[in-house]
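Coordinates in review
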Amino acid sequence: MTTVQRAGWFVFTLCVVVFLIAPLLLLVLFSFGENRLTTFPMGGLTLSWYEKVIDWSSFWSAFENSAWVSGSVGAVSTITGTLFALFLLRMRARWAVPMLIAFSFPLMIPPLVIGFALLSSYTQVGFDLGLLSVIFAHLVITQPFVILVVYTRLLGFDFAMVDAARDCGARPVRIFFTVILPQIRNSVIGAALIAAALSLDDFIITFFTIGGGNTLSTLIWGMLRTTIDPGINVVGTFIILLTVGMTLVALWVTRYRG
Amino acid sequence: MTDAPLLQLRGVSKSFGPVTAVEHTDLSIEQGDFFALLGPSGCGKTTLLRVMGGFVSPTRGSVWIGGADVTRHGPEHRPTNMVFQRYGLFSHMTVRQNVAYGLQIQRLAKSDVAARTRAVLELVQMEHYENESVTHLSGGQQQRVALARALVMGPKVLLLDEPLAALDLKLRRSMHVELRRIHKAIGGTFVLVSHDQGEVMSLASRVAVMDSGRIAQEGRPKEVYQAPASRYVATFLGEANLLEGERRGGVITLAAGASFPHDGPDGTVTVVVRPEQLELVQESAEDIAIAGMIRDIIYFGSHVELHVRLTRDQIIVAQVQDSEQVGDTLRDGSRVTLWWRPDPRKVLKE
Amino acid sequence: MPKGALLAVPATVVYGTLFVAPLAFFLVVSFWHASLFEIIPGFSLDNYVKTVTTYPRSIVFTLTIGLSIAALTTLIAFGFAYVIRFKAGRYGPVLLFMALVTLFGGYLVKIYAWKTILGIDGILNSALLGLGLISEPIDLLLYSSFAVVITLTHYLLPLAILPIYGALRGIDDLEVASARDLGASSSRVMCDIILPQAYFGIIAAFAFAYLISAGDYVTPRLVGGTETRMIGNFIESQFGMRMNTPLGAAMSFTTLVLSALVIVAVGTIFRLFLRRR
């Protein structure tokens, strides 16, 4: 590789990294800025926007709703997804792969279509909109992630251990809790966190299926449509910290090396 | 330059950071050689092979092929082709596509590509698998495809990086026969890297035994086996008993008890005795005989290995024909006398 | 029932009742029609006819801008994944980590961040003015197709890197070494060894980026201008103001089908390009 090529790749990589990270960093930076407008120069540093948001009751009720939704979505999709990954593992590869693709399909459908379709179905069967309908809706898009993460981990699992456990007389449920789960525990926790982060990240599906009430993302939507309020930067920073934090913990527990 | 060797390494060194893999190595390989680089893992033999193939550029020194300096040429510009230990087959292609790939890059006519691919697949006896995906083949079959893919290019030098290491013993034996047949059939020049001395003995016309980045000894396998230059070479190429001794006034006296004449300066020496040199004798009048007690007898079908304890801390291995004596007078604990014909080439100055 | 099928029940219930059934119902509804405040079952293609006759420009615009976004995203994602896998050495995991960290962070938050960056009084303009690089703020940055493309590319990039990197990771270094040994140049290694094996990862990333951007409406609304109204904006307004679910459904499926056609076409062209070599 010549020096020119090397420099070219370096510049390209640097640009991509800056492109990915800079917008989020700037938002966090401006959440501490004194000026009402997010422009340079940003004025002095202040925590006053944080104080305002902390004193704002709508923020806390949205936060509580988000916590319920993300937590439930993380827990439920982890259970359904892990069980399904175990099921896939018992199938031959020629069946498992198409099923994996089919179950990943919701990721390919625009959230607008999923949200709209779910809303009209809820209306049709008379299901009341609220946090529960949002949780159900989010399961559709988080479950595939859990299946992918856990199934990938299970593929590297040494099944001689299961045979050994059976040889010792353990029955399937016991084998799952004493042999399989301890080994894949980190991947399962990681998958749960990713599912929760994905739920927190979503706006469109939430917007269609929530009816009244707010989560953090619909709260931001309201703020965006009304005034230019530097409080958005604060709530945005909050969401970034939560999702990035969950992703970091997930990467750490799964020891993700790519 | 018709008398120049086909492939030559001149003062080649290679370091990876602080680690030196190859140290100042000179090597000449002649047209038609089946050359083996033998050594334990980590001795630098694979690095040396990759230097020849152009996958690694040497830190110092140069590589010459057919009288031309190719040191700075990448593998795509060298008249060499490599068979990799893990094969490196193109997993998205069939057997035929794998083999034809290099020819297509040379933009040969379609009919040429087809004919040469077919011929080389026949040579390695894989012609019935040409439309199979390579991922469906067994290890031995993948090995043959990898060989065919390199051979079809008609390389001046074919480089083989432990090509048989992943195969089981029986398959490996039959591939040895195959490789000899193919080498004879095309009359090419092969360089083989191996840590298996049996493989090298049965295949190679020349061998270089490597030790920590250097060539410890080079020559025909038989020569190296019969006249090892060091304890390292003696023990790495074949089984060897090493007996310590002293030379005074042209006579070597071994610590184990025997003595025989051998010219040379006074001092300590090591005598190499191959297990098959040793013979069981009755009480011997000759000096060159040693006595000991059998500690273990191992059957190999055609022959038997006797582990004989000479002194408190020396056990010698002798290889003898199986006979009715074994298990009768020859048992654990029996006292035996061993004799051999001293070979002046097997005395090391150490 | 095969052994262990019980394990599949919960996920299948979720998938069946919350994904397959609603979409199937939505498809059925697209053949119904809306009257004032209720929807009336029936079977007519009216909604589809209405979709293509009322919104042709917006459909074409959506399909085109989707193509630029998906192409740009896939190209950058491939380059970045390629650097991680083949060029970065021990820095590879760090770069991968960067991509994964920006996977989430809030969809709306990211759009809002770009709004503040690209605005006429925004961060980019004020920084460029402050540095003296421009004398007048550039007002085409925000409320334009450019802003929509940049914002969606930023959102989709981390998600596109993952499948491509996954595919590149499956390529054995020895296959690359073998190809070079057989005389292949770097461009031939790329076309003969790397791209064919990364094909499904690349197409998956492209399809994902295309479908998500073709179905988006928040980005064009917040950072796009009047000329960048995408079909998603009109679908959303069937929900918002008009409550015309049948028309919204027909518009949704029209978009999905046309997007799928574009993706199949791109996949086929790409495959033919690779085979021609």
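Reading guide: rules and limits
- Residues numbered from 1 in each chain as written.
- Chains lettered and ligands numbered in written order.
- Predicted model: local features only at pLDDT ≥ 70, side-chain atom pairs only at ≥ 80, totals over all residues.
- Heavy atoms only, no water.
- Contact = heavy atoms within 4.5 Å.
- Buried area = accessible area lost by both parts, 1.4 Å probe.
- Salt bridge = Lys/Arg side-chain N within 4 Å of Asp/Glu carboxyl O.
- Buried < 20%, exposed > 50% of the residue type's maximum accessible area, 1.4 Å probe, protein only.
- Helix = DSSP H or I, 4+ residues; strand = E, 2+ residues; numbered from the N terminus.
- pLDDT = per-residue confidence, 0-100.
- Polar contact = N/O pair within 3.5 Å; in protein donor to acceptor, adjacent residues only side chain to side chain.
- Nonpolar A, V, L, I, M, F, W, Y, C, P; charged D, E, K, R; others polar.
- Core = buried A, V, L, I, M, F, W, Y, C linked by side-chain atoms within 4.5 Å.
- Pairing = 2+ DSSP bridges.
- Axes fitted to C-alpha atoms, helices over the stretch in contact; angles between N-to-C directions.
- Patch = residues over 30% accessible without salt bridge, like charges linked within 9 Å, V, L, I, M, F, W, Y side chains within 5 Å.
- Areas by Shrake-Rupley, 256 points an atom, 1.4 Å probe, with all protein chains shown as cover.

Looking now at the interface of chain C and chain A. Chain C puts 76 residues into the contact, and the matching count from chain A is 74 residues. Regarding the contact of chain C and chain A, the summed buried area is about 7,000 Å², with carbon and sulfur atoms giving 82% of it. When the area that chain C buries against chain A is broken down by residue, the three leading residues are C:Leu7, C:Phe104 and C:Tyr112, summing to 11%. Taken together, the connections running from chain C to chain A amount to 0 salt bridges.

Looking now at the pattern of salt bridges. A complete count under the given rule lists 18 salt bridges over all chains for this structure. Put simply, B:Arg118, B:Glu122 and B:Glu130 are held in one network by salt bridges that share partners.

Take helix H6 (residues 123-130) of chain C next. In an α-helix, one turn spans 3.6 residues; hence positions three or four apart end up facing the same way. Every buried residue of H6(C) is listed here: C:Ile123, C:Asn125 and C:Ser126. If you follow the buried residues of H6(C), they end up packed against helix H1 (3-30) of chain A together with helix H5 (107-118) of chain C. Taken from the residues just after H6(C), C:Gly132 is the one with a positive phi, measuring 75 degrees.

This paragraph deals with the confidence of the model for chain A. Predicted confidence across chain A gives a mean pLDDT of 88, with 95% of residues reaching 70 or more. Here helix H7 (residues 160-167) of chain A stands out as the least confident element of chain A, with mean pLDDT 76; helix H9 (residues 204-209) of chain A is the most confident, with 95.

Attention now moves to the interface of chain B and chain C. Tallying the contact residues gives 22 residues for chain B and 16 residues for chain C. A combined buried area of about 1,800 Å² lies between chain B and chain C, and 56% of that area is made up of carbon and sulfur atoms. Linking chain B with chain C are 2 salt bridges, by the criterion used here. Across the contact surface, chain B and chain C share 11 residue pairs in polar contact (both at pLDDT 80 or more). Contributing elements (two or more residues each) for the side of chain B that touches chain C: strand E6 (80-83) and helix H2 (95-105) of chain B. Ranked by residues supplied to the side of chain B that touches chain C, first place goes to H2(B) with 4 residues. Across the side of chain B that touches chain C, the residue classes tally to 11 nonpolar, 8 polar and 3 charged.

What follows deals with the nonpolar core. Residues A:Ile180, B:Tyr101, B:Leu147, C:Leu168 and C:Val218 are the most contacted members of the largest nonpolar core, which totals 234 residues. With 17 residues, helix H9 (residues 186-214) of chain C is the largest single contributor of residues to this core. Leave out the neighbours within four places in its chain, and B:Leu147 touches B:Val83, B:Val124, B:Leu158, B:Leu160, B:Met175, B:Leu179 and B:Ile182. Counting residues in each nonpolar core, the second largest holds 30 residues, with B:Leu6, B:Val22, B:Leu159 and C:Leu174 among its members.

All names here are of chain B. Spatial strand order, E6-E7-E8-E3-E9-E10: 6 strands in an open sheet with mixed pairing. Both outer strands of the open sheet, E6 and strand E10 (214-219), are each paired with one neighbouring strand and no more. Recorded for the sheet is a direction-independent mean angle of 20 degrees between the axes of neighbouring strands. Bridge count between strand E3 (residues 34-38) and strand E9 (residues 206-211): 4 bridges; the pairing is parallel. Within the sheet, the bridge partner assigned to Leu37 lies in E9 and is Ala208. On the sheet, helix H5 (residues 169-186) packs against E3 and strand E8 (189-194) and is oriented at approximately 155 degrees with respect to E8.

Next up on the list: a nonpolar patch on the surface. Side chains of A:Phe10, A:Val11, A:Leu14 and A:Val18 sit close together on the surface and give an oily, nonpolar patch of about 400 Å² of accessible area. What makes A:Val18 partly exposed here is its relative accessible area of 46%.

What follows covers the environment of A:Thr254. Residues and elements named next belong to chain A. Mapped onto the elements, Thr254 comes out in helix H11 (residues 231-254). With relative accessibility at 24%, the residue Thr254 sits in the partly exposed group. Every residue in contact with Thr254, bar those within four places of it in the chain, is listed here: Asn186, Ser187 and Gly190.

Take the side chain of C:Thr73 next. Residues and elements named next belong to chain C. Tracing the backbone shows Thr73 in helix H3 (residues 56-87). From its side chain, Thr73 meets the backbone oxygen of Ile69 in a polar contact 2.6 Å long. Beyond its immediate stretch of four places on either side in the chain, Thr73 contacts Thr153, Leu156, Leu157, Ala160 and Ala209.

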